[in-house]
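An overview of the molecular structure
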Amino acid sequence: MSSAASATDKRHQSLLNATLVKSEFLSPETRLLILQVQGGATLEFQAGQFIRVELEFHGGTIPLVYSIASPPGSGNDLELCVKLGRKGSPADHLCSLSVGSQLWITRPQGGFVMRHTEATTLFLAAGTGIAPIRSMVQSLLRAGHKYPVCLIFGAKDLASLFFHAEFAAFAERHPNFRYVPVLSRPHDGWNGASGYVQHHLDGVSRGTPRAYLCGPPEMVKSVSRLLSERGWPDNLVHYDRNGY
């Protein structure tokens, strides 16, 4: 066995084998990929964590990091929100794989997880940053969380407002869950909020809830600064450093 083959075998021993069982458009620029981890044992993780896909690409291996968009307790299925990227890019290649393709992934990891859930919670997300936030929201609501939960989710247009119908349905079924969709380029007839996530913090600061942020770096930076200006202690503001 060659040294290269031996190194590959050792790397695979530390990874999980997963099958691509579903691939569909979330928007013209983003796909929802569902991976099913093989091996039998139930995959355990915390809401908000991410995986790294070790993608075979042009004779090498490219690591691609994605937050898990599905909640814990979903068996061995993991949902990922993947931006297509430019044509020919590793992300584009991943999104073009056919159902049934085999992939190697790391075990879920990362410290962007919920803390002290016995409290009011504020989630702020933009773009595919909704992925770990969706996992957290579903995890809380499925567990019968009774404290107030608010999600402010920003996107450029309705097509990019991922899982909009799902969150709206959650708000109807759970009186303690408030959903605020925000469009930066609202279409004619849009009756919801417009602008950016950071423009809609009024009315959510009561009790200084624990805040979780995920989105483009400029959004996270702006929201973090505004929360600090409004008196949020640093230890109550958490944001994703890896999975966006």
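Provided above is the structure to which this section pertains.
The following refers to the structure shown. (Residues numbered from 1 in each chain as written. Predicted model: local features only at pLDDT ≥ 70, side-chain atom pairs only at ≥ 80, totals over all residues. Heavy atoms only, no water.)

Side note on the overall build of the protein
Heads up, the rule is: Where helices and strands are cited, they refer to DSSP runs of H or I of at least four residues and of E of at least two residues respectively, numbered from the N terminus. Only C-alpha atoms enter the radius of gyration; for comparison, a globular chain is expected to reach 2.2 Å times N to the power 0.38, where N is the number of residues. The buried label applies to any residue whose accessible area, calculated with a 1.4 Å probe on protein chains only, is under 20% of its type's maximum; exposed applies above 50%, and partly exposed to all values in between.
Along the backbone of the protein there are 5 helices and 12 strands. A globule of 244 residues ought to have a C-alpha radius of gyration of about 18 Å, and the protein, at 19 Å, matches this closely. Summarising its shape, the C-alpha atoms of the protein cover approximately 65 × 40 × 35 Å along the three principal directions. Residues classed as buried in the protein amount to 49% of the 244 residues present.

Considering the packing of helix 3 (residues 130–142) against helix 4 (residues 164–173)
Stated formally: Interaxial angles span 0 to 180 degrees and are taken between N-to-C directions of axes, which are lines fitted to C-alpha atoms, for helices over the stretch in contact. For classification purposes, an angle smaller than 35 degrees is called roughly parallel, one larger than 145 roughly antiparallel, one from 65 to 115 roughly perpendicular, and anything else oblique. In this scheme the handedness of a crossing depends on how the near helix is turned from the far one: anticlockwise by less than a right angle means left-handed, clockwise means right-handed. Any pair of residues with heavy atoms lying within 4.5 Å of one another is described as a contacting pair.
Packing of helix 3 against helix 4 brings their axes to within 12 Å, and their N-to-C directions diverge by 25°. Comparing their axes, helix 4 and helix 3 come out roughly parallel. Classified by chirality, the crossing of helix 4 by helix 3 is left-handed. Counting all contacts with helix 3, which are made through Ile130, Arg134, Val137, Gln138 and Leu141, the residues of helix 4 involved are Glu166, Phe167 and Phe170.

Concerning helix 5 (residues 217–229)
This is how it is decided: In this scheme, a helix's expected span is set at 1.5 Å multiplied by one less than its residue total. By arc we mean the arc of the directions from the helix axis to the C-beta atoms, nothing more.
Its 13 residues place the ends of helix 5 18 Å apart at the C-alpha level, agreeing with the 18 Å of an ideal helix rising 1.5 Å per residue. Here helix 5 has its buried residues at Met219, Val220, Ser222, Val223 and Leu227. Down the axis of helix 5, the smallest arc covering the buried residues is 165°, so these residues share one side. Exposed positions of helix 5 whose direction lies more than 90 degrees from the buried face are Pro217, Glu218, Lys221 and Glu229. Looking at the buried positions of helix 5, the neighbouring elements they touch are strand 7 (121–126), strand 11 (210–214) and strand 12 (237–239). Looking one or two places after helix 5, you find glycine 231, whose phi comes out positive at around 95°.

What to know about the packing of aromatic side chains
To be explicit about the condition: Each Phe, Tyr or Trp ring (for Trp, its six-membered ring) is paired with any other whose centre lies within 6.5 Å, and the angle between the two planes then decides the class: stacked below 30 degrees, edge-to-face above 60, tilted in between. Criterion for a charge above a ring: Lys NZ or Arg CZ within 6 Å of the ring centre, and within 35 degrees of the ring normal.
Throughout the structure, instances matching the rule amount to 7 aromatic pairs. Plain terms: the ring middles of phenylalanine 112 and tyrosine 212 are 6.2 Å apart, the flat faces sit at 70° to each other, and that makes the pair edge-to-face. In this pair, phenylalanine 112 is assigned in the loop between strand 6 (102–105) and strand 7 and tyrosine 212 in strand 11, connecting sequence segments 100 residues apart. Just as phenylalanine 112 is buried, tyrosine 212 falls in that class too. Here arginine 31 stacks its cationic end above the ring of phenylalanine 25, 4.2 Å away from the centre of that ring.

A closer look at the nonpolar core
Under the convention used in this document: Within this scheme, the nonpolar core is defined by two criteria: the residues are buried Ala, Val, Leu, Ile, Met, Phe, Trp, Tyr or Cys, and they are joined through side-chain atoms within 4.5 Å.
Formed by 30 residues in total, the largest nonpolar core has its most connected members in Phe123, Ile130, Ile133, Leu151, Phe153, Phe167 and Phe177. For this core, the secondary structure elements donating two or more residues are strand 7, helix 3, strand 8 (149–155), helix 4, strand 9 (177–183) and strand 11. Tallying contributions element by element places helix 3 first for this core, with 7 residues. Counting 24 residues, the second-largest nonpolar core is a separate cluster that includes Leu35, Ile51, Ile68 and Leu97.

Section: the side chain of arginine 210
Note the following rule: Polar contact criterion, stated in full: a pair of N or O atoms within 3.5 Å, where within protein one must be able to donate a hydrogen and the other to accept it, and residues adjacent in sequence count only if both atoms are side-chain atoms.
Topologically, arginine 210 is positioned in strand 11. For arginine 210, the side chain forms a polar contact with the main-chain oxygen of arginine 115, separated by 3.4 Å. When near neighbours in sequence (up to four residues on either side) are disregarded, arginine 210 contacts Arg115, His116, Thr120, Thr121, Leu122, Asn235, Leu236 and His238.

What to know about the environment of aspartate 157
Here aspartate 157 shows up in the loop between strand 8 and helix 4. Counting along the chain gives 27 residues from aspartate 157 to serine 184, while the straight-line C-alpha distance between them is 6.7 Å. Leave out the neighbours within four places in its chain, and aspartate 157 touches Leu183 and Arg185. Among the polar contacts listed, one links the side chain of aspartate 157 to the side chain of serine 160, at a separation of 3.0 Å.

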